[in-house]
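One-letter residues, chain by chain:
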Amino acid sequence: MRQRNRRQGRSRGKENRDRWMITYADLITLLLIFFIILYAMSSLDTQKYAIVTGSLSDTFKSGSPVLEGGNGVLDGNQGNTGAAVSNEQEAGGSTGGGLSSGGNVKESGSNGTGTGTDTSGQNGETAEHQPSARELAFREQEAKLAALMGVITKYVEDNNLGEQIFVADKPQGIAITLSDRFLFDAGKAELKSPAFPALRQLSGLFRGIGATISIEGHTDNVPVTAASDYTDNWELSGARALSVLRFFLDNEGLSPDTFQYAGYADTRPAYDNTTVEGRQKNRRVELIVLRQLQEKE
């Protein structure tokens, strides 16, 4: 009997000595969960974040990567205000919550208490998006091209030239298409005087555009006649483009560095050459104000 009591006493003593391991294991588990939560709240995919915020900035043209009034990551100036600061002050300056080392605040939970996160390694990448010099130059270029297109479109409408001058925004730039009937007599490359006012209007717009202008002559697929001054459509299309170029240089005094010209004959038809209407539209001179910068290179 006495032996059995001794054995029971020894087993109970061993049980009591091991109880602290249960409490310790619970504490370690809770600490692990706590640090996992902190890491999940502080870890940002900076590359994806920069892409999203840059897209929002470009869309709304606000220059700020986060919409006002949002509950996401605040910038450095905003992070020093709000409930997180007052909570930290009431807690006697405790470092357990509130501001992070970079001055950013994360809001967590419905009670509005702040949980501190360390983003010192990410502050440079998640700072307010500043457009690069190339982006600024691209925006300035697009604004000029949009203004140019608006002015030319209005001029065409005001002067009832919709059948003679066509304006379009193409990937390579703003294309101004002039009908051959508006510029030349049939089979000729000398400019007609009724076309001068429109060309003068264009020269005034080209003077300060700061972009290269490509003058391109086109014909239909009908060969030139035997009485023509030109051997073939290559010569005719090139001569017509050159006549327009000479008007801008000799009559209007524009800089030769602004222009380039070419004749493409019938190799780049815009319409079907099997119809009379299509051939008429293919006989044209195009002035293309080229985009110097593309959105993505």
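Heads up: the structure comes first, above all this text.
Note that the structure is a prediction, hence the values are computed from the model and not measured. (Residues numbered from 1 in each chain as written. Predicted model: local features only at pLDDT ≥ 70, side-chain atom pairs only at ≥ 80, totals over all residues. Heavy atoms only, no water.)

## Comments concerning the overall build of the chain
Stated precisely, the cut-off is as follows: Here a helix means four or more residues in a row that DSSP labels H or I, a strand means two or more in a row labelled E, and each is numbered from the N terminus. Only protein chains enter the accessibility calculation, which uses a 1.4 Å probe; a residue is then buried when its area is under 20% of its type maximum, exposed when over 50%, and partly exposed in between. Pairs of residues are marked as contacts when any of their non-hydrogen atoms sit within 4.5 Å.
When you go through the chain residue by residue, the secondary structure sums to 8 helices and 5 strands. Moving toward the C terminus, one meets the helices and strands of the chain in the order α-α-α-α-β-β-α-α-β-α-β-α-β. When the 297 residues of the chain are sorted by exposure, 31% land in the buried category. Across the chain, the fraction of contacts at a sequence separation of at least 24, relative to all contacts at a separation of at least 6, is 64%.

## Some points on the packing of helix H6 (residues 196-206) against helix H7 (residues 233-251)
Note the threshold: Between N-to-C directions, angles cover 0 to 180 degrees, with each direction set by a line fitted to C-alpha atoms, over the stretch in contact for helices. Here is the rule for handedness: rotate from the far helix to the near one, and if that takes an anticlockwise turn smaller than a right angle the crossing is left-handed, while a clockwise turn gives right-handed. Residues are sorted three ways: Asp, Glu, Lys and Arg are charged, Ala, Val, Leu, Ile, Met, Phe, Trp, Tyr, Cys and Pro are nonpolar, and all the rest, Gly among them, are polar.
Relative to each other, H6 and H7 sit at 65°, their axes nearing to 10 Å. Our pair here, H6 against H7, has a crossing hand that is right-handed. Residues Phe196, Leu199, Arg200, Leu202, Ser203 and Phe206 of H6 form the contact with H7, whose participating residues are Val244, Phe247 and Phe248. Broken down by class, the residue content of the contact of H6 with H7 amounts to 7 nonpolar, 1 polar and 1 charged.

## Focus on a nonpolar patch on the surface
Short version of the rule: In this analysis, a patch consists of residues with relative accessible area above 30% that form no salt bridge, clustered at 9 Å for like charges and at 5 Å for the nonpolar side chains Val, Leu, Ile, Met, Phe, Trp and Tyr. Each accessible area is a Shrake-Rupley result for a 1.4 Å probe, and residues are judged covered by the shown protein chains and nothing else. Should a side-chain nitrogen of Lys or Arg be within 4 Å of a carboxyl oxygen of Asp or Glu, the pair is scored as a salt bridge.
A cluster of nonpolar residues, Trp20, Met21, Tyr24, Leu27, Ile28, Leu31, Phe34 and Phe35, forms a patch on the protein surface that exposes about 850 Å² of accessible area. As for its position among the elements, Trp20 is in helix H1 (residues 2-42). Residue classification places Trp20 among the exposed positions, given a relative accessible area of 53%.

## Things to note about the pattern of salt bridges
Overall, the coordinates contain 10 salt bridges when judged by the stated rule. Between Glu286 and Arg284 there is a salt bridge, with its nearest N and O atoms 3.1 Å apart. Neither Glu286 nor Arg284 differs from the other in exposure class; each is buried. Each of Asp180, Asp220, Arg240 and Arg283 takes part in one network of salt bridges that share partners.

## Description of the pairing of strand E4 (residues 259-263)
The condition that has to hold: We treat two strands as partners when DSSP finds at least two bridges between them. With the strands aimed away from the viewer, a crossover counts as right-handed if its path from the first strand over the helix to the second runs clockwise.
Pairing geometry for strand E3 (residues 213-218) and E4, over 5 bridges, is parallel. Of the residues in E4, the one forming a bridge with Ser214 is Gln260. Between E3 and its parallel partner E4, the chain crosses via H7, and the hand of that crossover is right-handed.

## Notes on the packing of helix H4 (residues 133-158) against H6
This is how the line gets drawn: Angles are sorted into four bins: roughly parallel if under 35 degrees, roughly antiparallel if over 145, roughly perpendicular if 65 to 115, and oblique for all others.
In the contact formed by H4 and H6, the axes pass within 11 Å of each other and the chain directions differ by 165°. Between H4 and H6, the angle falls in the class roughly antiparallel. Remark: the crossing between H4 and H6 carries right-handed chirality. Contacts between H4 and H6 involve Leu148, Val151, Ile152 and Tyr155 on the former and, on the latter, Pro197, Ala198, Gln201, Leu202 and Leu205. Classifying every residue of the contact of H4 with H6 by side-chain character gives 8 nonpolar, 1 polar and no charged.

## Side note on the nonpolar core
As a reminder, the rule being used: Each nonpolar core is a collection of buried residues, namely Ala, Val, Leu, Ile, Met, Phe, Trp, Tyr and Cys, held together in the definition by side-chain atoms within 4.5 Å.
Membership of the largest hydrophobic core comes to 34 residues, with the highest contact counts inside it found for Leu183, Phe206, Val244, Phe248 and Leu287. Breaking this core down by element, the ones donating at least two residues are H4, strand E2 (173-179), helix H5 (180-183), H6, E3, H7 and strand E5 (284-290). In terms of residue count, the dominant contributor to this core is H7 (6 residues). Excluding residues that lie within four positions of it along the chain, Val244 makes contacts with Leu183, Phe184, Leu191, Leu199, Ile215, Val285 and Leu287.

Honestly, it's all geometry; don't read function into it.
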